[in-house]
Amino acid sequence: MDYNLLKSNSYQFSIERIPETIFRITSVNLPEISVPAPSAPSGASTQYFPGSTSEFSQLTITFLVDENLKNYEEIFRWITQQRFAVGSEFTPKDSRETRLTSDATLLTLTNTNNPNRVIKFFDLFPTSLGQLNFSTQQPDPIPVECSAQFYYSRFVFA
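Residues numbered from 1 in each chain as written. Predicted model: local features only at pLDDT ≥ 70, side-chain atom pairs only at ≥ 80, totals over all residues. Heavy atoms only, no water.

> Help me out: how do you make sense of the layout of surface pockets in this one?
The method is simple in principle: a probe with the dimensions of a water molecule rolls over the atoms, and the space it marks as empty is what remains. Estimates place the volume of the largest pocket at around 250 Å³. Lining the largest pocket are Asn133, Phe134, Ser135, Gln138, Asp140, Pro141, Ile142, Pro143, Val144 and Glu145. Taken together, the residues that form the lining of the largest pocket break down as five nonpolar, three polar and two charged. Approximately 210 Å³ is the volume found for the second largest pocket. Taken together, 13 residues make up the lining of the second largest pocket; nearest its centre are Leu6, Tyr11, Leu30, Leu106 and Thr108. Secondary-structure elements contributing two or more residues to the lining of the second largest pocket are β8 (102–109) and β9 (115–129). The class makeup of the residues in the lining of the second largest pocket is seven nonpolar, four polar and two charged. (1 Å grid on protein atoms, 1.4 Å probe; cavity = no way out; pocket = protein on both sides within 12 Å on 5 of 7 lines; lining within 4 Å. Points joined across faces, edges and corners; volume = space filled by probe spheres on them. Nonpolar A, V, L, I, M, F, W, Y, C, P; charged D, E, K, R; others polar. Helix = DSSP H or I, 4+ residues; strand = E, 2+ residues; numbered from the N terminus.)

> Sorry if this is basic, but what is going on with the packing of aromatic side chains here?
Throughout the structure, instances matching the rule amount to nine aromatic pairs. Taken together, a centroid distance of 6.2 Å and an interplanar angle of 70 degrees make the contact between phenylalanine 155 and phenylalanine 157 edge-to-face. Here phenylalanine 155 falls in the buried class, since its relative accessible area comes to 13%. Put simply, the rings of Phe56, Phe121, Tyr152, Phe155 and Phe157 touch in pairs and so form one group of aromatic residues. The side chain of arginine 154 reaches across the aromatic face of phenylalanine 122, ending 4.3 Å from its centre. (Phe/Tyr/Trp six-rings, centres within 6.5 Å; stacked < 30°, edge-to-face > 60°. Buried < 20%, exposed > 50% of the residue type's maximum accessible area, 1.4 Å probe, protein only. Lys NZ or Arg CZ within 6 Å of the ring centre and 35° of its normal.)

> What should I look at first to understand the nonpolar core in this one?
Soluble globular proteins: nonpolar side chains tend toward being buried together. In terms of nonpolar packing, the biggest core is built from 26 residues, with Phe13, Ile15, Phe63, Phe121, Leu124 and Phe150 touching the most fellow members. The dominant element in this core, judged by the number of residues it contributes, is β9, at four residues. Other than its neighbours up to four places away in sequence, phenylalanine 150 contacts Ile15, Gln58, Leu59, Ile61, Ile75, Trp78, Leu124, Phe125, Pro126 and Thr127. (Core = buried A, V, L, I, M, F, W, Y, C linked by side-chain atoms within 4.5 Å. Contact = heavy atoms within 4.5 Å.)

> Just checking my understanding: could you explain the environment of leucine 124 for this structure?
With respect to the helices and strands, the residue leucine 124 is situated in strand β9. Sequence separation between leucine 124 and serine 153 is 29 residues; the distance between their C-alpha atoms is 7.0 Å. Setting aside its immediate chain neighbours within four residues, leucine 124 contacts Ile15, Leu59, Trp78, Leu100, Thr101, Ser102, Ala104, Phe150, Tyr151 and Tyr152.

> Explanation requested: the pattern of salt bridges in the structure shown.
In total, this model carries two salt bridges according to the counting rule given. Residue glutamate 16 pairs with lysine 120 through a salt bridge whose shortest N-O separation is 2.5 Å. Pair noted here: glutamate 16 is in the loop between β1 (11–15) and β2 (24–28) and lysine 120 is in strand β9, with a separation of 104 residues, a long-range link. Assessed through its relative accessible area of 18%, lysine 120 is described here as buried. Across the pair glutamate 74 and lysine 70 runs a salt bridge, and its minimum N-O distance is 3.1 Å. (Salt bridge = Lys/Arg side-chain N within 4 Å of Asp/Glu carboxyl O.)

Fair warning: the whole summary comes from geometry, so function is off the table for now.
Structure, rendered in structure tokens:
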């Protein structure tokens with residue numbers, strides 16, 4: 001029996017649509033899954049039954065923004081693309097940018113930093129890109145972080 005515990009800081013995250021973009025992820029969540037239970041009145045109480053549809057919460061990542069804002073801009077372009085038809089106000093950089101969705105992978109690592117479990121997200125698309133905070137009030141420069149939220153159709157353990 002394996003008694004090693006999963007470490008919260010041993011993972012890698014990648015998005016297939018933007019493979020050249022480096023995301024220095026500071027946090028990522030494995031989203032909640034729920035199955036609402038239908039109910040029916042039964043005498044003096046309510047009877048619940050196993051549900052038949054799954055609901056997933058959004059995937060949220062927090063990442064360090066590179067000094068050229070490349071990783072921020074990639075998600076910004078993706079969100080912007082959702083508002084415009086390809087060929088109007090949005091010009092794709094390559095064939096990957098013509099799709100509105102992408103698959104993504106969360107890879108957990110063992111206690112010796114070897115690949116362990118692969119969690120695959122399908123049909124991912126961004127719904128929110130957080131603000132960037134700049135301040136001269138910090139005595140020491142700190143890296144700028146940003147959060148992004150994504151919806152997806154499902155995730156599986158590969």
